[in-house]
Structures are given as C-alpha cells and as structure tokens.
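Structure assessment
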Amino acid sequence: MEIILKYFPSLTEEQKKKFTALFELYKDWNEKINLVSRKDIDALYLHHVLHSLAIAKFLRFQPGAKVLDLGTGGGFPGIPLAIFFPETEFILVDSIGKKIKVVEDIAEQLGLTNVKAIVGRVESLKITVDFVVTRAVASLRDLTFWSLKHLSAKSIHAIPNGLIALKGPAFKEERKELGKKDYVESYAISKWFSDSYFEEKYLVYVQGR
C-alpha cells in the first residue's frame, strides 16, 4: 500500500481504506481462481494496482463520465480507477463469467456503487462511453477497432474521447498497423513511476474519430 501513497499522497481516508482492503480480497479470490500469477500476488500493488493508476496520471475522469474497461479480467484497471474516481461510472466487461463474478464480489465488498460488471464481448455490446480503458488484452489495431465505435461524440474532458491502453513495448510495432487517420499518443509510464518494473511499460492514447 505504501507504493500507492508514494505516488498519490492526497488520497482520502475512504480511498486509503479501500485500496488497503484490495490485497486480502484478491489474495482470497486468487486461491480459488487464477486471477494473477501465484508468484505475482505479493506484488499486487506495484504490478496491478499502481500500473492501473497510470491512467489517473494521464487523465482525470470527470464526475458523471462513463468509462468502459475492455477485457477487465479480475478488475484491472477498472477497480483501482473506480476507487480513485468515485464519481465516475465504470463498466467492466469480460467474456469469462467467473472473472466477472470476482469483480462483482470485490466491488460489492468495497462498496463501489460506481462499478457495473458485464459478461460478454465488447464488440457485441450496445453502449456509449467517454473512454475505453484496457490493459494489454489484444493488439492495438483490434483494441481500436472494438473501442472507437462505443465512444460518445460529446467530450467533457481536457482531451477528446478515446481509447487508453496500457501496453508493453510491442505497441511500437502494433502502432504501424493503425490507419493513417488514427491519432495516437504514447507515454512511457516510467515518467510517472520510477520503479524499474515500469521501464518497458507504456500508456497509449488513440483519439476517437
């Protein structure tokens, strides 16, 4: 938990309480369902929670905004972002029902009323949001194709609505597969977090068309 406070020292007491509770909740569920690597659970805050919160360094979601977490798995980046932005609505989608069951339970135990979990594939959903967030679940081309059709034409943020993806170094090649009309920005997460884990981690923003 200390690693979260290192980079986000202004958390409210309620946020601190919820972030602190994450470890036991995920540790308990991980013994039943393999959400993260068994060896990785002790690094939950660095590898999963803080990684998810890189999005909060890039953009502050507005109250009333809707954000879709594509391929959320066990709830990343959606659950940490929902704690950080309690007035923003987060819709967490995954095709694996047992993972959505975990998301629903964790959201309920944390009292996250701004989280809605859906079993399904994003390409079949009929939903409009301000941003789509995701963590390395597919190629950048596929993520862009699946995401942009769900974006609202009306923007209420400092930047236009779009896709925000947490990616590894492979995005540099994947970026070449996007269309010439796609506007893309990328940021090394190490500019926000100095830990060596983030040396090859990137945040990629693709603006809606």
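Let me sum up the structure you'll find in this document.

Calculation notes
Residues numbered from 1 in each chain as written. Predicted model: local features only at pLDDT ≥ 70, side-chain atom pairs only at ≥ 80, totals over all residues. Heavy atoms only, no water. Pairing = 2+ DSSP bridges. Helix = DSSP H or I, 4+ residues; strand = E, 2+ residues; numbered from the N terminus. Axes fitted to C-alpha atoms, helices over the stretch in contact; angles between N-to-C directions. Contact = heavy atoms within 4.5 Å. Phe/Tyr/Trp six-rings, centres within 6.5 Å; stacked < 30°, edge-to-face > 60°. Buried < 20%, exposed > 50% of the residue type's maximum accessible area, 1.4 Å probe, protein only. Left-handed = near helix turned anticlockwise from the far one by under 90°. Nonpolar A, V, L, I, M, F, W, Y, C, P; charged D, E, K, R; others polar. Core = buried A, V, L, I, M, F, W, Y, C linked by side-chain atoms within 4.5 Å. 1 Å grid on protein atoms, 1.4 Å probe; cavity = no way out; pocket = protein on both sides within 12 Å on 5 of 7 lines; lining within 4 Å. Points joined across faces, edges and corners; volume = space filled by probe spheres on them. Lys, Arg positive; Asp, Glu negative; His and termini not counted. Salt bridge = Lys/Arg side-chain N within 4 Å of Asp/Glu carboxyl O. Right-handed = clockwise from strand over helix to strand, strands pointing away. Expected span 1.5 Å × (residues − 1). Bend = angle between axes of the 7 residues up to and from the residue. Polar contact = N/O pair within 3.5 Å; in protein donor to acceptor, adjacent residues only side chain to side chain.

Concerning the sheet that holds strand β1 (residues 66-70)
In spatial order, the strands read β3-β2-β1-β4-β5-β7-β6; together these seven strands make up an open sheet with mixed pairing. The strands lining the two open edges of the sheet, one partner per strand, are β3 (115-119) and β6 (184-188). Strand-to-strand, the axes of this sheet are offset by a mean angle of 20°, without reference to chain direction. In this sheet, β3 lies alongside strand β2 (residues 89-94) in parallel orientation, the contact comprising five bridges. Following the sheet pairing, Val93 is matched in β3 by Ile118. The strands touched by helix α7 (residues 140-148) are β1, β4 (131-135), β5 (162-167) and β7 (202-207); relative to β5, the strand with the most contacts, the crossing angle is about 150°.

Things to note about the packing of aromatic side chains
Under the defined criterion, the tally for this structure stands at 14 aromatic pairs. Measuring from ring centre to ring centre gives 6.3 Å for Phe8 and Phe193, while their planes differ by 65°; the resulting arrangement is edge-to-face. On the criterion of sequence distance, the pair formed by Phe8 in the loop between α1 (2-7) and α2 (13-30) and Phe193 in the loop between β6 and β7 is long-range, its members being 185 residues apart. When sorted by exposure, Phe8 lands in the same class as Phe193, which is buried. Relative to Phe198, the ring of Tyr197 lies with its centre 5.1 Å away and its plane at 80°, an arrangement referred to as edge-to-face. Residue Tyr197 is classed as partly exposed on the basis of its relative accessible area, which comes to 25%. Taken together, Tyr7, Phe8, Phe61, Phe84, Phe85, Phe90, Phe131, Phe193, Tyr197 and Phe198 form an aromatic cluster joined through their ring pairs.

Considerations on the packing of α2 against helix α6 (residues 97-110)
α6 packs onto α2 with a crossing angle of 145° between their chain directions and a minimal axis gap of 11 Å. At the point where α2 passes α6, the crossing takes the right-handed sense. Facing α2, whose interface residues are Lys18, Ala21, Leu22, Leu25, Tyr26 and Trp29, α6 presents Lys101, Val102, Asp105, Ile106, Gln109 and Leu110. Split into classes, the residues belonging to the contact of α2 with α6 amount to eight nonpolar, one polar and three charged.

Let's talk about the nonpolar core
Counting 56 residues, the largest nonpolar core has Ile4, Phe8, Leu22, Phe61, Ile79 and Ile164 as its most contacted members. Setting aside residues no more than four positions away along its own chain, Leu22 makes contact with Leu44, Tyr45, Val49, Ile79, Ile83, Ile106 and Leu110. In this structure, Leu68, Leu148, Leu151 and Ala165 belong to the second largest nonpolar core, which totals 22 residues.

Re the layout of surface pockets
Estimates place the volume of the largest pocket at around 380 Å³. If you trace the largest pocket, you find 21 residues lining it, with Gly71, Thr72, Gly73, Asp94 and Val137 closest to the centre. Counted by class, the lining of the largest pocket contains nine nonpolar, seven polar and five charged residues. Of the pockets and cavities examined, the second largest pocket occupies roughly 250 Å³.

Things to note about the side chain of Asp40
Mapped onto the elements of the fold, Asp40 is located in the loop between α2 and α3 (44-52). Buried within the structure, Asp40 lacks any salt-bridge partner; Arg135 is the closest side chain of opposite charge, at an N-O distance of 6.8 Å.

A word on the pairing of β5
The element β5 is largely enclosed, with a buried count of six among its six residues. Crossover connection from β4 via α7 to parallel β5: handedness right-handed.

Observations concerning α2
Helix length check: α2 (18 residues) gives 26 Å between terminal C-alpha atoms against 26 Å at 1.5 Å per residue, within 8%. The largest bend in α2 amounts to roughly 30° and is located at Leu22. Turning to α2, its buried residues are Gln15, Lys18, Phe19, Leu22, Phe23, Leu25, Tyr26, Trp29 and Asn30.

Notes on the side chain of Asp182
Examined against the element boundaries, Asp182 turns out to sit in the loop between α8 (171-174) and β6. Polar contacts involving the side chain of Asp182 include one to the main-chain amide nitrogen of Gly179, which spans 2.9 Å. Only 2.7 Å separates the side chain of Asp182 from the side chain of Arg209, close enough to count as a polar contact. Among all residues touching Asp182, those that are not within four sequence positions of it are Thr144, Leu148 and Arg209.

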